Amino acid sequence: QVQVVQSGGGLVQPGGSLTLSCAASRSIFGGYLVNWYRQAPGEQREFVATIFDGGSTNYADSVKGRFTIFRDDAKNTWYLQMNSLKTEDTAVYYCNIFEQLRNINNWGQGTQVTVSS
């Protein structure tokens, strides 16, 4: 089992920036996807961004051009850089590491992002 620990988040004003981190307890072998999801109060969890082990990325239309997903392989850590934040970005953000070889999803604990003036 891979342990996934998230950090970052907090309170930021509209237009501000935050970076979330997602650290795995060990290297991932056999291919993986790292996904960020978010869930606002009273809403369903929604997809935010994905990075594949080959480096390609994909984003939800609502965050495209504002959010960037990237990684530090040496640290087994992935990041979500969030710029130009809007009030509607307020949610609990979850990191998910999907191990393709073992077909296992590993979830982080979630981190609150609040965008408010």
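Check the entry above for the structure.
Just so we're clear, the structure is a prediction, and the values are computed from it rather than from any experiment. (Residues numbered from 1 in each chain as written. Predicted model: local features only at pLDDT ≥ 70, side-chain atom pairs only at ≥ 80, totals over all residues. Heavy atoms only, no water.)

(A) The pairing of strand β9 (residues 91–99), seen in detail. With seven of nine residues buried, β9 is to be regarded as a mostly interior element. Pairing of strand β4 (residues 32–39) with β9, which is carried by eight bridges, proceeds in the antiparallel orientation. Across the sheet, the residue bridging to Tyr-32 is Glu-99, located in β9. Sheet topology places β9 next to strand β11 (residues 111–115); three bridges connect them, and they run antiparallel. Across the sheet, the residue bridging to Val-92 is Gln-112, located in β11. The pairing of β9 with strand β10 (residues 104–107) spans four bridges and is antiparallel. Pairing of Ile-97 across the sheet is with Asn-106, part of β10. Between β9 and β10, which follow one another and run antiparallel, lie four residues, and Asn-103 among them has a positive phi close to 55 degrees. (Buried < 20%, exposed > 50% of the residue type's maximum accessible area, 1.4 Å probe, protein only. Helix = DSSP H or I, 4+ residues; strand = E, 2+ residues; numbered from the N terminus. Pairing = 2+ DSSP bridges.)

(B) Just the pattern of salt bridges, in detail. Summed over the entire model, instances satisfying the criterion amount to seven salt bridges. The residue Asp-73 makes a salt bridge to Arg-71 at a minimum N-O spacing of 3.4 Å. The exposure class assigned to Asp-73 is partly exposed, which follows from its relative accessible area of 47%. In this structure Arg-71 comes out as partly exposed when scored by relative accessible area, which is 26%. The salt bridge involving Arg-102 is made with Glu-99; its shortest N-O contact spans 3.1 Å. (Salt bridge = Lys/Arg side-chain N within 4 Å of Asp/Glu carboxyl O.)

Note that all results are geometric; they support no functional claim without further evidence.
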